[in-house]
Amino acid sequence: QVHLAESGGGLVQAGGSLRLSCAASGSTSSIYSMAWFRQGPGKERDFVAVVTWSTRHTYYESSVKGRFTIYRDIVQSTAYLQMNGLKPEDTAVYYCAARRSFGYSTDSSDYNYWGQGTQVTVSS
């Protein structure tokens, strides 16, 4: 079992930056990749970015590419999402997820573990 705990959300003005953290505990050796998803008001939970745990391969949703950076610290068992150039449309609850299976996915149903979410609000 893996437990995920997000932190780092908050209120920021458009153009500002935030860094989200996702600390993993438990059977972290079973993690193959970790991802961030987000869910805006009245919207579906959408993929944002993913990083593979051992090879550090990354993949981003097109609207955040060039603004967001996902990376991980194996020693700390923590994944991060550095968000720069934030826009009001980035406002959402951001969720961290971990996947045990080989490969990475943009489909939320492919992830085995989820954090509780952290709110990010970007004011215009």
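Above this text is the structure in question.
Notes on the structure follow. Owing to the predicted nature of the structure, the values given are computational and were not obtained by experimental measurement.

With that out of the way, let us pick up the overall build of the protein. On a plain count of helices and strands, the protein comes out with zero helices and eleven strands. Listing each helix as α and each strand as β along the protein from the N terminus yields β-β-β-β-β-β-β-β-β-β-β. Relative to a compact globule of 124 residues, whose C-alpha radius of gyration would be 14 Å, the protein shows 13 Å and is just as compact. The buried share of the protein, reckoned over its 124 residues, is 45%. Expressed as a percentage of contacts within the protein between residues at least 6 apart in sequence, the contacts between residues at least 24 apart total 57%. Surface exposure of the protein reaches about 6,200 Å², of which carbon and sulfur atoms provide 46%. If you average the places of the 11 positive and of the 9 negative side-chain charges in the protein, the two averages end up 6 Å apart.

This part takes up the nonpolar core. With 29 residues, the main nonpolar core has Leu4, Met34, Trp36, Leu81, Met83 and Tyr94 as its most contacted residues. Put simply, the parts of the chain that give this core at least two residues each are β1 (2-7), β3 (18-26), β4 (33-39), β5 (45-52), β7 (68-73), β8 (78-83), β9 (92-99) and β11 (118-123). Those residues in contact with leucine 81, other than ones at most four positions away along the chain, are Leu18, Arg19, Leu20, Trp36, Val48, Ala49, Phe68, Thr69, Ile70 and Tyr94. Residues Ala35, Val50, Ala97 and Tyr111 belong to the second largest nonpolar core, which totals six residues.

Here we take up the pairing of β5. Burial of β5 is extensive: six of the eight residues sit out of reach of the surface. For β4 and β5, the ladder comprises seven bridges, and the chain directions are antiparallel. Pairing of glutamine 39 across the sheet is with arginine 45, part of β5. Connecting β4 to the next strand, β5, in antiparallel fashion are five residues, including glycine 42 with a positive phi near 70°. Pairing of β5 with strand β6 (residues 58-60), which is carried by three bridges, proceeds in the antiparallel orientation. By the bridge assignment for β6, valine 51 is matched with threonine 58. Following β5, the chain reverses through five residues before pairing antiparallel with β6; arginine 56 in that reversal takes a positive phi of roughly 60°.

Let's shift gears to unusual backbone geometry. Positive phi outside glycine occurs at arginine 56, with the angle close to 60°. With respect to the element layout, arginine 56 can be found in the loop between β5 and β6. Judged by its relative accessible area of 58%, arginine 56 is exposed. Not every positive phi belongs to a glycine, and serine 77 is a case in point at roughly 50°. Within the secondary structure layout, serine 77 lies in the loop between β7 and β8.

The rules we used
- Residues numbered from 1 in each chain as written.
- Predicted model: local features only at pLDDT ≥ 70, side-chain atom pairs only at ≥ 80, totals over all residues.
- Heavy atoms only, no water.
- Helix = DSSP H or I, 4+ residues; strand = E, 2+ residues; numbered from the N terminus.
- Rg over C-alpha atoms; globule rule 2.2 N^0.38 Å.
- Buried < 20%, exposed > 50% of the residue type's maximum accessible area, 1.4 Å probe, protein only.
- Contact = heavy atoms within 4.5 Å.
- Areas by Shrake-Rupley, 256 points an atom, 1.4 Å probe, with all protein chains shown as cover.
- Lys, Arg positive; Asp, Glu negative; His and termini not counted.
- Charge placed at Lys NZ, Arg CZ, Asp CG, Glu CD.
- Core = buried A, V, L, I, M, F, W, Y, C linked by side-chain atoms within 4.5 Å.
- Pairing = 2+ DSSP bridges.

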